Amino acid sequence: MSAMNEPRTIVIKPSTGWAALNLKDLWNYRELIYFFTWRDLKVRYKQTLLGASWAILQPVLTMVVFSIFFGGLAKVPSDGVPYPIFSYTALLPWTLFSKALQDASRSLVSSANIISKVYFPRLILPLSSTLAGLVDFLIAFAVLLLMMVFYGIKPTGNLWLLPLLVLLALITAIGVSLWLSALNVMYRDVGHMLPFLNQFWMYITPIAYSSSLVPEEWRFIYALNPLTGVVEGFRWALLGTGEGPGITLLISSCIAFLITISGLFYFRRMERKFADVV
Amino acid sequence: MSKIAIRVEDLGKKYNIGLPVVKYQTLRDKISESFKRREQVVDDYIWALKEVSFEVKEGQVLGIVGRNGAGKSTLLKILSRVTEPTEGLVEIRGRVGSLLEVGTGFHPELTGRENIFLNGAILGMRREEIQSKFDEIVDFAEVEKFIDTPVKRYSSGMYLRLAFAVAAHLEPEILVVDEVLAVGDAEFQRKCLGKMSDVAQQGRTVLFVSHNMSAVLRLTQETLVIDHGQLLLRAPTPEAVDFYLSTGLTQEGQKIWNEDEITTAAKPFQPIAIRVLDKQGVVSDTVRSVEPFVIEVEYELEKSVKGLRVGIYLMTTRGEYIFTSFDTDDISQYESHTVRPAGRYISRCEIPANLLNEGRYVIGMNASTYLIKRYFQDDQALLFNVDPAGAPGMQWVETRLGTVRPALKWNIEKNESGKLHHDKK
């Protein structure tokens, strides 16, 4: 047997304090991320009548409701573009984010039976739940393209920003759900809080309205919500409304980064208790 | 010179709140607790494992025996890195595969094929590895025809076979087997044991945790005895099994189950006690071979249970089964007890006179609903002795071979003809 095939020695001992992130271990298990994501996708629309069209129906129906009540009745200004496309553009990254947040925050508890039996880096669970939302996002994105053709809106030359914005939405979702999923293992209150958090977060994000409605002096606090930067960026790149990426996006990115790094460390610290408590 | 595959040093695992599994709390509990704690300092914990040290050489097959709640599962969970130890150190050379995770992550909506890949990945196999073993796995599980059917349509036997097949093909350097042999039919168990000895013969290290003493004797050379989280003995298997079966088991003919021996999975079945009663109805650890005696199991049902059967196994101290019997074996009993309402029960079994030879016997207990659920099982619940006084053949002071000692009818007659008896016709 060559030295390459020598089995590696694993040392198991109690860890204390803040554990290192051990991203190498995560890399060794990268295939599992793929398999969990693939499983989530396969299973998600099993035994449903409408199947994958749910990925489209959710944002489209919300858009219809918004268009009737906010756009039609309340006459919320939409920066000069038709209200339906104005809100749908924002609903795309929002749906991606909120779905990822919901699934990932519950991922540990819903996989309790695996956690209590097999070792693998637990980070994989919230990660793959988040990634599974991307496919739905791409399907729903196709609808946006159709709508743009319908309204005769040409995309701006700033489309290059979209992948980065999607990444920012995902990172924010991962960061928050690292905190929430770990907390959910200890305190099931999180599960009850999630729908409320989701609703609240949607209102503080410029989805049904334009961020230009927010008074100047509140803009800084408003930008602390990473989704503000994402949604504004989406509208700017696709519809050409608002201003280009500036201070808002910078603040949003910093906050997302902070949440995620702190979430990673918190998650790693709590990880060792998961199997005993879940 | 073989190398050390596993080195365990002063290993300890502490669980808080005195329960093996600390249930999750809600914030409200946490807050109300933080008020309470001012009055009383809660320092309620148990050591599921304490100061356990041992080494396993590469290629060795080591048995681990211990009563329910002795700490075996905790040890295995630490070795397979599911949970962290509280103190101590473990060094493991190579990948640990365990058969305590059979079917982990199986998704009912996915097909057999898809589950093989998913489960394989969860157990740590690479995709090419699964691909190359795929046919072998399907073959072993005997599910070719249903490989593209969702596993929720599988029978429990098929499901189990498939799950075991994936785990068995992991080919880890170290294999951990826990009680898996208790499930499945006899044919399947035979297959599992076969797979295990294959693994052992390939020079891999195997840790075999079981309540089945005859399997431990057959498959292992050395065995650890664990009790109350501590390593009591490490010895050649026959010696260890004898030690295990003869210590802590002689409880004057009665065994009362402690709370920590009863898993939460047992609910709504709560075992209370099992005892041996002699002919006079007195609890005793010794009964006479020539007199009938009674084995009774006392238990409580928190809810009514459908199709419950409570039974006993009788075994020799070498772990060979003598018989298995359930309280609803009799068809009329079976029909009159289809549903047992909540309440406290005693299932009583009369063992006829002139059945058992002198010696020591182990009673195991099982409460289950056929093919649905095993509520509780204690394979070594109680030990008792059989006294041969007055039994047939006692005029000769010798040990009779065999586990049964029936009073058989013999007839001695003289063959007057001098020819072979049966040639006459």
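Just above sits the structure.
Note that the structure is predicted; figures quoted are calculated from it, not measured.

Novice: Tell me about helix α8 (residues 189–203) of chain A, and please be specific about residues and values.
Specialist: All names here are of chain A. Spanning 15 residues, α8 covers 22 Å between terminal C-alpha atoms, matching the ideal 21 Å at 1.5 Å per step. The sharpest bend along α8 measures roughly 30° and falls at proline 195. The complete set of buried residues in α8 reads Val190, Gly191, Leu194, Leu197, Asn198, Trp201 and Met202.

Novice: Requested: an account of the sheet that holds strand β20 (residues 373–387) of chain B, with residues and values cited.
Specialist: Residue and element names in this part refer to chain B. Strand order in the open sheet formed by five strands is β12-β20-β19-β15-β16, and the pairing between neighbours is mixed. Each edge of the sheet is formed by a strand with only one pairing partner; in this case those strands are β12 (286–288) and β16 (321–326). Neighbouring strand axes in the sheet, compared pairwise and without regard to direction, differ in orientation by 30° on average. Examined bridge by bridge, strand β15 (residues 308–316) and strand β19 (residues 359–369) share nine bridges and lie antiparallel to one another.

Novice: Got a sec to walk through the packing of aromatic side chains? Specific residues and values, please.
Specialist: Per the counting criterion, the structure on display carries 24 aromatic pairs over all chains. For the pair phenylalanine 117 of chain B and phenylalanine 134 of chain B, a centre-to-centre distance of 5.7 Å together with 20° between the ring planes defines the contact as stacked. Taken together, the positions of phenylalanine 117 of chain B in helix α3 (residues 112–122) and phenylalanine 134 of chain B in helix α4 (residues 127–141) put the pair 17 residues apart, joining distant regions of the chain. Accessibility expressed as a relative area gives 10% for phenylalanine 134 of chain B, which makes it buried. Put simply, the rings of Tyr34, Phe35 and Trp38 of chain A pair up and form one aromatic cluster. Between the NZ or CZ atom of arginine 122 of chain A and the centre of the ring of phenylalanine 120 of chain A, over which it lies, the distance is 5.0 Å. Sitting over the face of the ring of tyrosine 15 of chain B, lysine 13 of chain B holds its NZ or CZ atom 5.2 Å from the ring centroid.

Novice: Please set out the interface of chain B and chain A residue by residue, giving values where relevant.
Specialist: At the interface, 49 residues of chain B touch 39 residues of chain A. Surface buried jointly by chain B and chain A totals about 4100 Å² across both partners, of which 58% is contributed by carbon and sulfur atoms. Inspection of the chain B/chain A interface yields three salt bridges. Between lysine 13 of chain B and aspartate 276 of chain A there is a salt bridge; the shortest N-O distance is 2.8 Å. Summed over the shared surface of chain B and chain A, the result is seven residue pairs in polar contact (both at pLDDT 80 or more). Looking at the side of chain B that touches chain A, the elements with two or more residues in it are β1 (4–16), α1 (27–36), α2 (72–79), β4 (87–93), α3 and α4 of chain B.

Novice: How would you summarise the environment of glycine 59 of chain B if you had to cite specific residues and measurements?
Specialist: Residues and elements named next belong to chain B. Relative to the helices and strands, glycine 59 resides in the loop between β2 (45–57) and β3 (61–66). Once the C-alpha coordinates of glycine 59 and leucine 408 are considered, the two residues, 349 residues apart in sequence, prove to be 49 Å apart. Those residues in contact with glycine 59, other than ones at most four positions away along the chain, are Gly203, Arg204 and Thr205.

Novice: Mind laying out the packing of helix α4 (residues 83–110) of chain A against helix α6 (residues 124–151) of chain A, listing which residues take part and the relevant values?
Specialist: Residues and elements named next belong to chain A. Look at α4 against α6: their axes get within 8 Å of each other, and the N-to-C directions meet at 165°. Here α6 runs roughly antiparallel to α4, going by the angle between their axes. Relative to α6, α4 is oriented so that their crossing is right-handed. Here the residues of the contact of α4 with α6 sort into 20 nonpolar, five polar and three charged.

Novice: How would you sum up helix α2 (residues 30–44) of chain A? Please name residues and give values.
Specialist: Every α-helix winds through 3.6 residues per turn, so residues three or four apart in the chain are directed the same way. Between its first and last C-alpha, α2 of chain A extends 22 Å over 15 residues, near the 21 Å set by a 1.5 Å rise per residue. For α2 of chain A, the full list of buried residues reads Glu31, Leu32, Ile33, Phe35, Phe36, Thr37, Arg39, Asp40, Val43 and Arg44 of chain A. Among the structural elements, α4, α5 (112–115) and α6 of chain A together with α3 and α4 of chain B are those in contact with the buried residues of α2 of chain A.

Novice: Give me the lowdown on a nonpolar patch on the surface, citing residues and values where you can.
Specialist: Residue and element names in this part refer to chain A. Side chains of Val64, Val65, Ile68, Phe69 and Leu73 sit close together on the surface and give an oily, nonpolar patch of about 460 Å² of accessible area. Note that valine 65 resides in helix α3 (residues 54–73). Residue class for valine 65 comes out partly exposed when judged on its relative accessible area of 43%.

Novice: Could you give me a rundown of the environment of leucine 79 of chain B, with the residues and numbers involved?
Specialist: Turning to its location among the elements, leucine 79 of chain B is positioned in helix α2. Accessibility expressed as a relative area gives 2% for leucine 79 of chain B, which makes it buried. Remark: the alpha-carbon pair of leucine 79 of chain B and valine 8 of chain B, spanning 71 residues in sequence, is separated by 9.1 Å. Apart from the residues within four sequence positions on either side, leucine 79 of chain B is in contact with Ile12 of chain A together with Ile6, Val8, Val90, Ile92, Val96 and Leu207 of chain B.

Novice: An account of the sheet that holds strand β18 (residues 343–351) of chain B is needed here, citing residue identities and associated values.
Specialist: Residues and elements named next belong to chain B. In spatial order, the strands read β10-β11-β13-β18; together these four strands make up an open sheet with antiparallel pairing. Both edges of this open sheet fall to β10 (254–256) and β18, since each of them pairs with a single strand only. Each strand of the sheet is rotated relative to its neighbour by a mean of 15°, with strand direction disregarded.

Novice: Give a description of the pattern of salt bridges that names residues and reports values.
Specialist: As enumerated under the stated definition, the model contains 25 salt bridges over all chains in all. With a closest N to O distance of 2.9 Å, arginine 44 of chain A and aspartate 136 of chain A form a salt bridge. Residue arginine 44 of chain A is located in helix α2, and its partner aspartate 136 of chain A is located in helix α6; the two are separated by 92 residues in the primary sequence. A salt bridge links glutamate 87 of chain B to lysine 50 of chain B; the shortest N-O distance between them is 3.5 Å. One end of the pair, glutamate 87 of chain B, is in strand β4; the other, lysine 50 of chain B, is in strand β2, with 37 residues separating them in the sequence.

The rules we used
Residues numbered from 1 in each chain as written. Chains lettered and ligands numbered in written order. Predicted model: local features only at pLDDT ≥ 70, side-chain atom pairs only at ≥ 80, totals over all residues. Heavy atoms only, no water. Helix = DSSP H or I, 4+ residues; strand = E, 2+ residues; numbered from the N terminus. Expected span 1.5 Å × (residues − 1). Bend = angle between axes of the 7 residues up to and from the residue. Buried < 20%, exposed > 50% of the residue type's maximum accessible area, 1.4 Å probe, protein only. Pairing = 2+ DSSP bridges. Axes fitted to C-alpha atoms, helices over the stretch in contact; angles between N-to-C directions. Phe/Tyr/Trp six-rings, centres within 6.5 Å; stacked < 30°, edge-to-face > 60°. Lys NZ or Arg CZ within 6 Å of the ring centre and 35° of its normal. Contact = heavy atoms within 4.5 Å. Buried area = accessible area lost by both parts, 1.4 Å probe. Salt bridge = Lys/Arg side-chain N within 4 Å of Asp/Glu carboxyl O. Polar contact = N/O pair within 3.5 Å; in protein donor to acceptor, adjacent residues only side chain to side chain. Parallel < 35°, antiparallel > 145°, perpendicular 65-115°, else oblique. Left-handed = near helix turned anticlockwise from the far one by under 90°. Nonpolar A, V, L, I, M, F, W, Y, C, P; charged D, E, K, R; others polar. Patch = residues over 30% accessible without salt bridge, like charges linked within 9 Å, V, L, I, M, F, W, Y side chains within 5 Å. Areas by Shrake-Rupley, 256 points an atom, 1.4 Å probe, with all protein chains shown as cover.

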